[in-house]
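Architecture at a glance
Listed below are the residues making up each chain.
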Amino acid sequence: GAVVSQHPSWVICKSGTSVKIECRSLDFQATTMFWYRQFPKQSLMLMATSNEGSKATYEQGVEKDKFLINHASLTLSTLTVTSAHPEDSSFYICSANRATEAFFGQGTRLTVV
Amino acid sequence: AQTVTQSQPEMSVQEAETVTLSCTYDTSESDYYLFWYKQPPSRQMILVIRQEAYKQQNATENRFSVNFQKAAKSFSLKISDSQLGDAAMYFCAYRRGDKIIFGKGTRLHILP
């Protein structure tokens, strides 16, 4: 099956710094990718839709200046958490669709200290 | 707006027994997809089963089957012959177009 790879799996950063998370579709091209945030014991909340070659579309309540998304190629989308704070600590998951099925990355656990 | 509701935060089932997880959804659309995803402790999302709304026949995948009631907007998952490896969070999800909306999830415990 199709594979979506997310990197890093976990990252610890200091408050005020920025951290970048990569999402790659390894064996198919994805013009659209999705970024989710998952708090402990909660569901996946869609943050934004990443569109290749154009601006991302953010869900209501998501700060686009805080969560910068770049989709520069058909196989790579990046999420940069800027000026991270402890409340940004969470599990971030990306996905990409191929036909009718969504494929998910392994997720990234971000801890801001 | 589309919503997905899972009313059972947690469920337990004896190994080898059958369990049904409930899901209801709200939509005004007629063409959409429904899914059940499994999230084990590794947190990797795994597709369990998929149902196209235009298909009346309930989807089945080995020990997993669904009861899809379109008029009632209900989409339950039945797991037969439960195994220890089935222990996980299960998310019901709705998709129309590209976006997927997830329910809050049901944590399934398998009792040995």
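The rules behind the values
- Here the residue numbering is sequential within each chain, running from 1 through the sequence in written order.
- All chains are assigned letters beginning at A, and all ligands numbers beginning at 1, according to the order in which they are written.
- Local features in a predicted model are, by the rule used here, given only for residues with pLDDT of at least 70; side-chain atom pairs are given and counted only at 80 or more, and totals for whole chains, interfaces and linings are based on all residues.
- To obtain the side-chain values, all non-hydrogen atoms of the structure were included, while hydrogens and water were left out.
- Throughout this description, the term nonpolar core refers to a set of buried Ala, Val, Leu, Ile, Met, Phe, Trp, Tyr and Cys residues connected via side-chain atoms within 4.5 Å.
- Relative accessibility under 20% of the residue-type maximum defines a buried residue, over 50% an exposed one, and the middle range a partly exposed one, all with a 1.4 Å probe and only protein chains included.
- Here a helix means four or more residues in a row that DSSP labels H or I, a strand means two or more in a row labelled E, and each is numbered from the N terminus.
- A pair of cysteine sulfur atoms is labelled a disulfide when the two atoms are within 2.5 Å.
- Strand pairing is assigned whenever DSSP identifies at least 2 bridges connecting the two strands.
- Each axis is a line fitted through C-alpha atoms, and for a helix only the stretch in contact is used; angles between axes span 0 to 180 degrees, taken between their N-to-C directions.
- The contact criterion used is simple: two residues touch if any of their non-hydrogen atoms lie within 4.5 Å.
- Buried area counts how much accessible surface, traced with a 1.4 Å probe, disappears from two parts once they are put together, with both parts' losses summed.
- Here, a salt bridge means any side-chain nitrogen of Lys or Arg that lies within 4 Å of a carboxyl oxygen of Asp or Glu.
- Polar contact is the term for a pair of N or O atoms within 3.5 Å; when the atoms are in protein, one must be able to donate a hydrogen and the other to accept it, and sequence-neighboring residues count only if both atoms are side-chain atoms.
- Under the scheme applied here, ten amino acids are nonpolar (Ala, Val, Leu, Ile, Met, Phe, Trp, Tyr, Cys and Pro), four are charged (Asp, Glu, Lys and Arg), and all others, including Gly, are polar.

Another point: the nonpolar core. If you look at the biggest cluster of nonpolar residues, it comprises 26 residues, and the most contacted ones within it are Leu-21, Tyr-25, Trp-36, Phe-75, Leu-77, Tyr-90 and Leu-108 of chain B. Elements supplying a minimum of two residues to this core: β2 (10–14), β3 (19–21), β5 (33–39), β6 (46–52), β8 (64–69), β9 (74–79), β10 (88–96) and β12 (106–111) of chain B. In terms of nonpolar packing, the next biggest core, distinct from the first, is built from 24 residues, Val-4, Cys-13, Ala-48 and Leu-79 of chain A among them.

With that settled, consider the state of the cysteines. Evaluated as defined, the whole model comprises two disulfides over all chains. The partner cysteine of Cys-23 of chain A in its disulfide is Cys-94 of chain A, sulfur to sulfur 2.0 Å. In this structure the cystine formed by Cys-23 of chain A and Cys-94 of chain A twists about its S-S bond by roughly 80 degrees; its chirality is therefore right-handed. Separated by 71 residues along the polypeptide, Cys-23 of chain A in strand β3 (residues 19–25) and Cys-94 of chain A in strand β9 (residues 90–98) bring together distant segments of the chain. Residues Cys-23 of chain A and Cys-94 of chain A agree in their burial class; the two are buried. In this model, Cys-23 of chain B is linked to Cys-92 of chain B through a disulfide, with the two sulfur atoms separated by 2.0 Å. With the S-S dihedral at roughly -70 degrees, the linkage between Cys-23 of chain B and Cys-92 of chain B falls on the left-handed side.

Residue and element names in this part refer to chain A. The antiparallel open sheet is built from four strands, whose spatial order is β1-β3-β8-β7. Two strands lie at the open edges of the sheet, namely β1 (4–7) and β7 (67–73), each paired on one side alone. Between one strand and the next, the sheet's axes are offset by a mean angle of 15 degrees, whatever the strand orientation.

Turning our attention to the side chain of Asp-86 of chain B. Within the element layout of this structure, Asp-86 of chain B appears in the loop between β9 and β10. Judged by its relative accessible area of 3%, Asp-86 of chain B falls in the buried class.

With that settled, consider the interface of chain A and chain B. Each partner contributes to the interface: chain A provides 23 residues, whereas chain B provides 18 residues. Taken together, the two surfaces of chain A and chain B that pack against each other cover about 1700 Å², and 49% of this comes from carbon and sulfur. The largest share of the area that chain A buries against chain B comes from Ser-43, Thr-100 and Phe-104 of chain A, three residues that together contribute 31% of it. Between chain A and chain B we count two salt bridges in total. Residue Glu-59 of chain A pairs with Lys-99 of chain B through a salt bridge whose shortest N-O separation is 2.8 Å. Along the contact surface separating chain A from chain B lie nine residue pairs in polar contact (both at pLDDT 80 or more). For the side of chain A that touches chain B, the secondary-structure elements that each account for two or more residues are β4 (32–38), β5 (44–51), β9 and β10 (101–104) of chain A. Of the residues belonging to the side of chain A that touches chain B, the class tally is 10 nonpolar, nine polar and four charged.

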